[in-house]
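Breakdown of the fold
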Amino acid sequence: MQFHILKKHEITLGDVDSCLVIPLFEKDFPLESALLSEADELRLQTLADKEIITGGADENYYFPCPNSDYQGILVLGLGKRDQFRKETLRRAAGKAVEAFRSNRIQQVILDLSHYSELPAEALIEGLILAQYDFTVYKHPEPDATEPVKVSAVTLLVRDDYDPSLLQEQVRVAALSAMSANGARHLANTPPNEMTPSALAAFAEGIAEDSGCECKILEPTQLASLGMNALLGVSHGSAQPSRLIVLNYHHSDDAKTVAIVGKGVTFDTGGISLKPAASMHEMKYDMCGAAAVLCTMMNVVELKPKLNVICVVPAAENMTGDAAQRPGDIVKAYNGKTIEVHNTDAEGRLILADAMAYTVDKYKPDMIVDMATLTGACVIGLGHYAAGLFSTDDTLAEALRLAGEESGERLWRLPLWEDYERLIDGNHADICNIGPREGGAITAAAFLKRFVGDTPWAHIDIAGTAWGVKNIPYWSTDHATGFGVRLLTQWLLQMQAQD
Ligand code: BES
Ligand code: MG
Ligand code: ZN
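Just so you know, these numbers come straight off a predicted model, no measurement behind them. (Residues numbered from 1 in each chain as written. Chains lettered and ligands numbered in written order. Predicted model: local features only at pLDDT ≥ 70, side-chain atom pairs only at ≥ 80, totals over all residues. Heavy atoms only, no water.)

A few words now on the coordination of the zinc ion (ligand 3). Around the zinc ion (ligand 3), the protein supplies K262 (NZ), D267 (OD), D285 (OD) and E346 (OE) as donor atoms, at distances of 2.0 to 2.4 Å. Around the zinc ion (ligand 3), the six donor atoms are arranged such that angles at the metal cover 78 to 175°; this shape is classified as octahedral. Expressed as a motif, the donor residue spacing for the zinc ion (ligand 3) is K-x4-D-x17-D-x60-E. (Donors = N, O, S within 2.8 Å, 3.2 Å for Na, K, Ca; no water. Tetrahedral: all angles 85-135°; square planar, octahedral: opposite > 155°, others 65-115°.)

Pasting the structure below:
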């Protein structure tokens, strides 16, 4: 997608596939645009007078303009001014894509001349996210017309506006949304193709030409390092596990941040087998991995003043005669022994080794993991917030803020000592499950035992990684890419503080 920030005299109209987008706060009349023809302005005013156009949230009014220099006008309703959030514009843009699609619009001109304070980058994000589709495996209908997408966006600003800040915000937003689409693509790709080694190959692709180092550990290396919790999960699978490390080094005196993502490329539950009904959705059990890897695509491009270590334990959780059994005891990288009472609680096992290894080897100043970890988190928070758990209030607050900014919201849950007692082991140091109640918290309490004293946050994205309804820029039947925009925002926030 191309972007231009232009002033009125720099714009040439006349493209048949262009749409003039006029944002409008609720009842904020008169409805004006620097580019409207007199006749169209009159038509708009009439519609506004009749309260057909009101500027209400979720209201997008498109009308064709066959005799004008643009193909159509879209009035983008933003709702009440005092309730406006960045997310309002992101969602409005997502909704507008329906009109652009059905009217075959390829060029959008967003008139910011009356609302120069609007965060136009959110519109760009909404557009890029909403235009994502996943059609690689589907043949088109024989007589279907080729769908078109918006390929150019012009932001029209006032003559006295300095575009440099907006330029940078748009660049970051577009990159971030495209990387989020990358994460969605990894997640949507079927599990017969998106294997641990395919994830590793993707990571190698990021490192190529980017000056970032990539290291892939294979089973023999994992065994000699003592990562038996990770290895145990993939015993039932023909796909060998991997530990993937991407290391972006900025400078020796910069902060080091580690991001770790759960990469279970398919989760049958193992011997503690899951029910059949929704099992196919467990191809999404690598959404944490997809999020941290695609965040690195942003990191290598934006080059923040931070050292960023990205770690992905990747494994497939299958059944079979070599599969891990309930009752097995494995010794993790940090020497702790784990009693596996349920082979379906596999995410915490692979993360245990990955995080213990990361803190030991890279000594990060902080570590954040992201995982589709528990069904309990979905029950507790539904699909509109990911669970946040942290040993560090400053880190938790910074992540929460990044969540508000990016629209990928977080809600903090407690991590008190009481919960930790519930996963004490019987025949080993720790048990991999607790009681059913508070399942998202005991999962987090389990992870806590593998990060030592390093400030740590855990983000459970089981509810937000796919299947989210009513967000116009995310379709319900795709992965959302949740986490890429959140983590990127957080990293950029952090480097801005130094
Ligand atoms: N990948 C699942 C968690 C999950 C379930 C994510 C549904 C999204 C939707 C995880 O590996 C798992 O199976 N967790 C178990 C843990 C339990 C056995 C303690 C769960 O949540 O049921
Ligand atoms: Mg599981
Ligand atoms: Zn899982």
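Structure's up, so let's keep going.
For the rest of this paragraph, the subject is the coordination of the magnesium ion (ligand 2). Summarising the metal site, the magnesium ion (ligand 2) is bound by the protein donors D267 (OD), D344 (O), D344 (OD) and E346 (OE), whose distances to it range over 2.1 to 2.2 Å. Of note is the magnesium ion (ligand 2), whose six donor atoms meet at the metal with angles of 71 to 167° in an arrangement that counts as irregular. One chain supplies every donor to the magnesium ion (ligand 2), and in sequence these donors are spaced D-x76-D-x1-E. A distance of 3.2 Å spans the gap from the magnesium ion (ligand 2) to the zinc ion (ligand 3), which D267 bridges by coordinating each metal.

Now for the pattern of salt bridges. Summed over all chains, the structure comprises 28 salt bridges. For E121, the salt bridge goes to K86, with nearest N and O atoms at 3.4 Å. On the criterion of sequence distance, the pair formed by E121 in helix 3 (residues 120–130) and K86 in helix 2 (residues 86–102) is long-range, its members being 35 residues apart. For E121, a relative accessible area of 7% translates into the label buried. Between R409 and E404 there is a salt bridge; the shortest N-O distance is 3.2 Å. It is possible to trace a salt-bridge network through shared partners that takes in E87, R90, R91, E125, E408 and R485. (Salt bridge = Lys/Arg side-chain N within 4 Å of Asp/Glu carboxyl O. Helix = DSSP H or I, 4+ residues; strand = E, 2+ residues; numbered from the N terminus. Buried < 20%, exposed > 50% of the residue type's maximum accessible area, 1.4 Å probe, protein only.)

Turning our attention to the packing of aromatic side chains. As enumerated under the stated definition, the model contains eleven aromatic pairs in all. Arranged with centres 5.3 Å apart and planes meeting at 75°, the rings of Y473 and W474 form a pair that is edge-to-face. Accessibility assignment for this pair places Y473 and W474 in one class, buried. Here the aromatic residues F25, F84 and Y115 are joined through ring pairs into a cluster of three or more. K336 extends its terminal NZ or CZ atom over the ring of F450, reaching a point 6.0 Å from the ring centre. (Phe/Tyr/Trp six-rings, centres within 6.5 Å; stacked < 30°, edge-to-face > 60°. Lys NZ or Arg CZ within 6 Å of the ring centre and 35° of its normal.)

With that settled, consider the domain arrangement of the protein. The assigned domain composition of the protein is domain 1 (2–158) and domain 2 (182–497). For domain 1 and domain 2, the distance between their C-alpha centres works out to 38 Å. At the junction of the two partners, domain 1 supplies 16 residues and domain 2 supplies 15 residues. Taken over both partners, the interface formed by domain 1 and domain 2 buries close to 1,500 Å², and the fraction arising from carbon and sulfur atoms is 57%. (Domains from an automatic or database assignment. Contact = heavy atoms within 4.5 Å. Buried area = accessible area lost by both parts, 1.4 Å probe.)

Take the environment of K8 next. Relative to the elements of secondary structure, K8 occurs in the loop between strand 1 (2–7) and strand 2 (18–24). Residue class for K8 comes out partly exposed when judged on its relative accessible area of 45%. A C-alpha to C-alpha distance of 7.3 Å links K8 and R158, two positions 150 residues apart in sequence. Those residues in contact with K8 that sit more than four places away from it in its chain are A34, L35, L156, V157 and D159. Among the polar contacts made by the side chain of K8, one reaches the main-chain carbonyl oxygen of A34 at a distance of 3.3 Å. (Polar contact = N/O pair within 3.5 Å; in protein donor to acceptor, adjacent residues only side chain to side chain.)

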